[in-house]
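# Notes for the structure review
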Amino acid sequence: MSEIAEIIDTLEGKIEKLITKVKGLEEKNQELHHQLKYAATNITNQTQAVATLKKDYETLKVTNSLLGSEDYKRDTKLKINSLIREIDYCIAQLSD
């Protein structure tokens, strides 16, 4: 009978260790889920920031080209020609 009691005690000890280990793993899992959510939010914010900066860059580039900046003379000429074509198209549509 004492052998059975020893086996039961050993089994109970192992079960307690397993329960402790499971609780630790659950806590670690929760922590990792929080870190993942934070990282996903951070990535979303950075993606939006990059998109905004790209939009601002394009706006500044167009503004510089329209202002006749030395760096963007070719772009300025192309933009003016494009605007003239659009105006001609609108005039042609009004004439019809």
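Structure: above.
Every chain is numbered on its own, with residues counted from 1 as its sequence reads. The model is predicted, so local features are restricted to residues of pLDDT at least 70 and side-chain atom pairs to those at 80 or more, both for listing and for counting; the totals for chains, interfaces and linings are taken over all residues. With hydrogens and water excluded, all non-hydrogen atoms of the structure serve as input to the side-chain values.

## Describing the overall build of the chain
The helix and strand inventory of the chain stands at two helices and zero strands. Seen along its three principal axes, the alpha-carbon backbone of the chain occupies a region of about 110 × 40 × 15 Å. The buried share of the chain, taken over its 96 residues, is 2%. Total accessible area on the chain stands at roughly 9000 Å², and carbon and sulfur atoms take up 61% of it. When charges are counted, Lys and Arg contribute as positive and Asp and Glu as negative, whereas His and the chain ends are disregarded. To locate a charge, the coordinates of NZ of Lys, CZ of Arg, CG of Asp or CD of Glu are taken. Computed over 14 positive and 16 negative side-chain charges, the separation of the two mean positions in the chain equals 9 Å. Secondary structure is summarised from DSSP: a helix means a run of H or I of at least four residues, a strand means a run of E of at least two, and numbering begins at the N terminus for each. Exposure categories follow from relative accessible area, calculated using a 1.4 Å probe and restricted to protein chains: below 20% of the type maximum is buried, above 50% is exposed, and the middle band is partly exposed. Areas reported here follow the Shrake-Rupley algorithm with a probe of radius 1.4 Å; residue values treat only the protein chains shown as occluding.

## What to know about the environment of Arg 74
With respect to the helices and strands, the residue Arg 74 is situated in helix H2 (residues 73-95). Taking C-alpha positions, Arg 74 is 26 Å from Ala 51, a pair spaced 23 residues apart along the chain.

## Observations regarding a negative patch on the surface
What makes a patch is a set of residues exposed beyond 30% relative accessible area and free of salt bridges, joined within 9 Å when like-charged and within 5 Å when nonpolar (Val, Leu, Ile, Met, Phe, Trp, Tyr). Whenever Lys or Arg places a side-chain nitrogen within 4 Å of a carboxyl oxygen from Asp or Glu, that contact is recorded as a salt bridge. Together, Glu 3, Glu 6, Asp 9, Glu 12 and Glu 16 make up a negatively charged patch on the protein surface. With respect to the helices, strands and loops of the structure, Glu 12 is situated in helix H1 (residues 2-67).

## Some details on the environment of Leu 53
Within the fold, Leu 53 resides in helix H1. When its relative accessible area of 57% is taken as the criterion, Leu 53 is described as exposed.

## With respect to the environment of Ile 80
The topology assignment puts Ile 80 in helix H2. Owing to a relative accessible area of 41%, Ile 80 belongs among the partly exposed residues under this scheme. As a C-alpha pair, Ile 80 and Leu 66 span 14 residues in sequence and 7.9 Å in three-dimensional space.

## Re a nonpolar patch on the surface
A surface patch of nonpolar side chains, amounting to about 270 Å² of accessible area, comprises Leu 11, Ile 15 and Ile 19. Checked against the element boundaries, Ile 19 lands in helix H1.

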